[in-house]
Amino acid sequence: MPAASNEHTTKAFDLDLQELNRMIAEMGGFAEKQVNEAVGALSQRDLQRCARIVSADANLDALQREIEHKVIATIATRQPMAIDLREVIGILRIAGELERIGDLAKNIAKRVAALDDGMPIRTMRGVAHMTSLALRQIHDVLDSFTERDTLKATEVWSRDDEIDQMYTSLFRELLTYMMEDPGTLAFGTHLLFCAKNIERMGDHATNIAEAVHYMIEGNSLGKDRPKADQTTEIKFDHNTDH
């Protein structure tokens, strides 16, 4: 291929990559907003806010589809290789993880209607704390993607057990309340599902960290992910709330 043609292809790929990066930034910001809104609606039992969250999830799905189409077109027309190919495949993976985070926020919003004021404020504070940890993970891992920072991605990956530990503590606390007061059973069960959804958000942030590391280094982190979820809870199926 002539040098001029090579240069044109490289510039075209760079433009495609810039657009994909912009789309991931938009999608990431939207996912963070959905999580914030969902937990805010949960703490305030705000059904109108919940309806907006559920409706807005379609926007996140649309962004993911746009990224998928752009990635496919880029691979077909630019034929990237080596690190360039890892970049676009990594972006495709990250878009999928962000879409799942949005689904989890939507799942929380859909459960709010089933809740009443049956649990102590301290328990809700535990959920809020879990959310702050998950949001920090999401924010930091998106920064690691933007900056192509493997160290920051690895730090996110290593912190996953913090959310697991918080979930384990909250799980045990909720079980205690439900056993002591059967009147809290319905509320506690729904809140457990909400807490599990938040814990899963941390897992998806960790998946993004792994994708970022692979994009840059061309290999996996090469060690077992830290997990500290010691619960032996009911089987939580992530598809049940769709």
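Quick note: structure is the one above.
Structure report, in brief.

Some details on helix H7 (residues 185–217)
Okay, step 1: Taking 1.5 Å of rise per residue, the 33 residues of H7 would be expected to cover 48 Å, and the 48 Å separating its terminal C-alpha atoms lies within 8% of that figure.
Okay, step 2: Summarising burial for H7: 25 of the 33 residues are buried, a large majority.
Okay, step 3: Just downstream of H7 lies Gly218, where phi reads positive at about 80°.

Here's the deal with the side chain of Ser144
Okay, step 1: By secondary structure assignment, the location of Ser144 is in helix H4 (residues 121–147).
Okay, step 2: Given the relative accessible area of 0%, Ser144 is considered buried.
Okay, step 3: Within polar-contact distance, the side chain of Ser144 engages the backbone oxygen of Val141 at 2.6 Å.
Okay, step 4: Those residues within four positions of Ser144 in sequence are excluded, and the remaining contacts are Asp149, Lys152, Ala153 and Val212.

Some thoughts on the pattern of salt bridges
Okay, step 1: Under the criterion given, the structure shown has 13 salt bridges.
Okay, step 2: Ionic pairing is found between Glu19 and Arg22, a salt bridge with its closest N-O pair at 2.9 Å. With Glu19 and Arg22 both in helix H1 (residues 3–44) and three residues apart, the pair spans about one turn of that helix.
Okay, step 3: A residue is classified by how much of its surface remains accessible, and Glu19, at 29% relative accessible area, is partly exposed.
Okay, step 4: A residue is classified by how much of its surface remains accessible, and Arg22, at 40% relative accessible area, is partly exposed.

Observations regarding the packing of aromatic side chains
Okay, step 1: Enumeration over the complete set of coordinates arrives at one aromatic pair.
Okay, step 2: An angle of 45° between the planes, with centres 6.0 Å apart, marks the rings of Tyr167 and Phe171 as tilted. Residue Tyr167 and its partner Phe171 are located together in helix H6 (residues 160–180), separated by four residues, close to a single helical turn. Here the two residues Tyr167 and Phe171 agree in accessibility, since each one is buried.
Okay, step 3: Between Arg111 and the ring centre of Phe193, over which it is positioned, the NZ or CZ distance is 4.0 Å.
Okay, step 4: Lying over the aromatic face of Phe145, Arg148 brings its terminal NZ or CZ to 4.3 Å of the ring centre.

Section: the environment of Ala153
Okay, step 1: Looking at the secondary structure, you find Ala153 in helix H5 (residues 150–158).
Okay, step 2: Accessibility expressed as a relative area gives 1% for Ala153, which makes it buried.
Okay, step 3: A C-alpha to C-alpha distance of 8.2 Å links Ala153 and Ile208, two positions 55 residues apart in sequence.
Okay, step 4: If near-sequence neighbours (up to four positions away) are discounted, Ala153 is found in contact with Ser144, Ala209 and Val212.

Examining helix H2 (residues 47–78)
Okay, step 1: Compared with an ideal rise of 1.5 Å per residue, which puts 32 residues at 46 Å, H2 spans 47 Å between its outermost C-alpha atoms and is within 8% of the ideal.
Okay, step 2: Of all the positions in H2, only Arg49, Cys50, Ile53, Ala56, Asp57, Leu60, Asp61, Leu63, Gln64, Ile67, Val71 and Thr74 are classed as buried.
Okay, step 3: Between the side-chain oxygen at the start of H2 and the backbone nitrogen of Gln48 there is a gap of 3.2 Å, and the oxygen is on Asp46.
Okay, step 4: Gln79, located one to two residues past H2, shows a positive phi value of around 50°.

Here is what the cut-offs are and how they apply
- Residues numbered from 1 in each chain as written.
- Predicted model: local features only at pLDDT ≥ 70, side-chain atom pairs only at ≥ 80, totals over all residues.
- Heavy atoms only, no water.
- Helix = DSSP H or I, 4+ residues; strand = E, 2+ residues; numbered from the N terminus.
- Expected span 1.5 Å × (residues − 1).
- Buried < 20%, exposed > 50% of the residue type's maximum accessible area, 1.4 Å probe, protein only.
- Polar contact = N/O pair within 3.5 Å; in protein donor to acceptor, adjacent residues only side chain to side chain.
- Contact = heavy atoms within 4.5 Å.
- Salt bridge = Lys/Arg side-chain N within 4 Å of Asp/Glu carboxyl O.
- Phe/Tyr/Trp six-rings, centres within 6.5 Å; stacked < 30°, edge-to-face > 60°.
- Lys NZ or Arg CZ within 6 Å of the ring centre and 35° of its normal.

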